[in-house]
Amino acid sequence: MYFKDFFDREKVSHRLKKALEREDEQFIVIYGRRRIGKSQLIKHVLDLKRGDIYFLSDQTNETNQRALLAFSIAQTIPGFDQATYPTWESIFQALNRQLDRRITLCLDEFPYMVKSCPSITSVLQKLLNGKDLKYDLIICGSSQQLMQGYVLDRTEPLYGLANEIIKLAPLPAPYITDALKCEAKQGVEEYSVWGGIPRYWELRMDYRSLDEAIDHLILDPNGILSEEPQRLLYEDMRQIVQASTLLSIIGNGANRLSEIASRAGKEATAITEPLSRLIELDLVRRDLPFGEAEKNSKKGLYKIKDPLLHFYYRFVAPYRSLLQMGETEGVWGIISSNRNDYVAECWERLCQDYISGRIIAGIPYGVASNWWGKTRDGEQIELDVVAQSLDHKHILIGECKWTKPQDAESLGQDLRKRTQQLPFVKDGVAVHYALFLKESSTTETDIPIYYPYDILAH
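This write-up is about the structure you can find in this document. (Residues numbered from 1 in each chain as written. Predicted model: local features only at pLDDT ≥ 70, side-chain atom pairs only at ≥ 80, totals over all residues. Heavy atoms only, no water.)

A separate point is the overall build of the protein chain. Helix and strand counts for the protein chain come out as 20 helices and 14 strands. Judged by the C-alpha coordinates and their principal axes, the protein chain covers about 80 × 55 × 45 Å. Long-range pairs, those at least 24 residues apart, make up 66% of the contacts in the protein chain between residues at least 6 apart in sequence. In the structure as shown, the protein chain presents an accessible area of about 22200 Å², 47% of it carried by carbon and sulfur atoms. Positive and negative side-chain charges of the protein chain, numbering 57 and 64 respectively, have mean locations separated by a distance of 3 Å. (Helix = DSSP H or I, 4+ residues; strand = E, 2+ residues; numbered from the N terminus. Contact = heavy atoms within 4.5 Å. Areas by Shrake-Rupley, 256 points an atom, 1.4 Å probe, with all protein chains shown as cover. Lys, Arg positive; Asp, Glu negative; His and termini not counted. Charge placed at Lys NZ, Arg CZ, Asp CG, Glu CD.)

Note that Phe311 resides in helix α16 (residues 307-316). For Phe311, a relative accessible area of 2% puts it in the buried group. The residues contacting Phe311, other than those within four sequence positions of it, are Val193, Ile214, Ile218, Val316, Ile335 and Tyr342. (Buried < 20%, exposed > 50% of the residue type's maximum accessible area, 1.4 Å probe, protein only.)

Overall, mixed pairing links the five strands, which are arranged β10-β11-β12-β13-β14 in an open sheet. Looking at which strands have only one partner, the edges of the open sheet turn out to be β10 (369-374) and β14 (449-450). Sheet analysis places β10 next to strand β11 (residues 380-388), joined by five bridges and oriented antiparallel. In the strand pairing of β11, Gly373 is matched with Ile381. Here helix α18 (residues 329-355) sits on the sheet in contact with β10, β11, β12 (394-401), β13 (430-437) and β14, set at roughly 35° to β11. Contacts from helix α19 (residues 408-418) reach β11, β12, β13 and β14, with the element oriented near 140° to β13. (Pairing = 2+ DSSP bridges. Axes fitted to C-alpha atoms, helices over the stretch in contact; angles between N-to-C directions.)

Locating Gln26 in the fold gives a position in the loop between α1 (10-20) and β1 (27-31). The exposure class assigned to Gln26 is buried, which follows from its relative accessible area of 6%. Polar side-chain contacts of Gln26 include one of 2.7 Å to the side chain of Arg22. Here Gln26 is in contact with Ala19, Arg102, Asp136, Leu137 and Asn163, once residues within four sequence places are set aside. (Polar contact = N/O pair within 3.5 Å; in protein donor to acceptor, adjacent residues only side chain to side chain.)

What follows is about the environment of Lys438. Relative to the assigned elements, Lys438 resides in the loop between β13 and β14. Among residues more than four places away in sequence, those in contact with Lys438 are Lys185, Glu189, Asn340, Lys401, Trp402, Thr403, Tyr451 and Pro452.

Topologically, Arg34 is positioned in the loop between β1 and α2 (38-45). Look past the residues within four positions of Arg34 in its chain and what remains in contact with it is Ser142, Ile197, Glu228, Arg231, Leu232 and Glu235.

With 92 residues, the main nonpolar core has Trp194, Ile218, Leu278, Phe311, Ile355 and Phe436 as its most contacted residues. Residue contributions to this core peak at 11 residues, all from α18. The contacts of Trp194, once residues within four sequence positions are left out, are Tyr200, Trp201, Arg204, Leu210, Ala213, Ile214, Leu217, Ile218, Leu225, Pro307 and Leu308. (Core = buried A, V, L, I, M, F, W, Y, C linked by side-chain atoms within 4.5 Å.)

In this section: the pattern of salt bridges. For the structure on display, the rule yields 31 salt bridges. Of the charged contacts, one joins Asp306 and Arg33 as a salt bridge, the two residues approaching to 2.3 Å between their closest N and O atoms. Here Asp306, found in the loop between β7 (301-304) and α16, pairs with Arg33, found in the loop between β1 and α2; they are 273 residues apart in sequence, far enough to count as distant. By relative accessible area, Asp306 is classed as buried at 6%. (Salt bridge = Lys/Arg side-chain N within 4 Å of Asp/Glu carboxyl O.)

Further remarks concern helix α12 (residues 228-236). Those residues of α12 not exposed but buried are Glu228, Pro229, Leu232, Leu233, Glu235 and Asp236. End-on view of α12: buried residues confined to an arc of 150°, all on one side of the axis. As for α12, its buried residues are in contact with α7 (144-152), α10 (198-204), α13 (240-251), α15 (268-280) and α16. (Arc of directions from axis to C-beta.)

What follows covers unusual backbone geometry. A positive phi angle, near 55°, is found at Lys131, a position not held by glycine. Considering the arrangement of structural elements, one finds Lys131 in the loop between α6 (120-130) and β4 (135-141). One non-glycine residue, Lys181, lies in the positive phi region at around 50°. Among the structural elements, Lys181 can be located in the loop between α8 (175-180) and α9 (184-194).

On the basis of which strands lie adjacent, the open sheet formed by five strands has the order β2-β3-β4-β1-β5 and parallel pairing. Because the sheet does not close on itself, it has two edges, and the strands there are β2 (53-56) and β5 (164-167). Neighbour-to-neighbour, the strand axes of this sheet turn through a mean angle of 15°, independent of strand direction. The pairing of strand β3 (residues 103-108) with β4 spans five bridges and is classified as parallel. By the bridge assignment for β4, Thr104 is matched with Asp136.

As structure tokens, then:
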């Protein structure tokens, strides 16, 4: 099944359709991680009744792939698959000769085609440079590293030829409540496990509860997502064992570079490159205290960015032996006792994302982050949400809580008290406060309060 509603893909769908309406034939590149909805987006844009052709490549040899492509083309040009095509150029040119109208050809999982015949990129370069194709060409793939390389690496034949390059991102958190038809508080809990990956949402919909879905999809060794981290890493990482090791270390609470390196038994310089690669793939992020420069700061904390991987390396990877033996009760005990803290991390990030770029009380703010460090009087504190206005005249500071109903009045007083001596608040800068709470407050306060239904509104 697939969602009846095309959640948050209208903008990129419109962009693709407008590109295909241009006067000249287009070469479009689409990529993104597994299960993010690339193929569904393309099928949404293609018009098969008009004769558009969708071809999903596999890992067979190039001769068989050409035969399969010819069969797909035959659905538009009857009899096309009756001929034998000895090269990729011959099949692409034959399609061009036999077309009497402009159509779109999509080559999905394009890296499989390159793997079986590396010269296919040079073949396409020749055809595209000739500017006499009668069809638009879309190539698509899940290997972000390979797809980026084909079109962004100056040494590659296809470099500079694309009219559009689209990296498909995960769906924003607010859409999960629409997809799963749940209220906002549950939406935050669901997002903390499934993130913004549409296919995960689909799989989740087959179960009555979040716990049941986790049990069957992730904890069960036969679950369809039980090996998902390995599949994701296989697409893009040359050294899967090293990448999985780093994710496991980070997932178990080591966040500083020196600590990660120590647990991995490596020098820090030996893990910076694989960590950078994981960041490029949007699987890991490096958090910096508000106001720190990324290039110069040594205070960065590495955290798993992808929610499913975060859940997996926090609660599954350390206990795989138990799960293989069917001993899930103990693992569930660990999940249950740590669930609030785990969801609180996701809640904090969602609150930061909510503030980032938003206009609040007429003040436009930049990117929000957290902050940790010493105040001017030497007190060590942590702040969940800090954002500066675009004109640098205002700073917003927020506290996030994912627990039972809170005393907002006391929270606000404590927040004000703790932030009197912040080193980054300069003279003349106005400080504003906010609270982000899971449950309704038991008291009143003059500080604005945001709840899950605010954060997941769209």
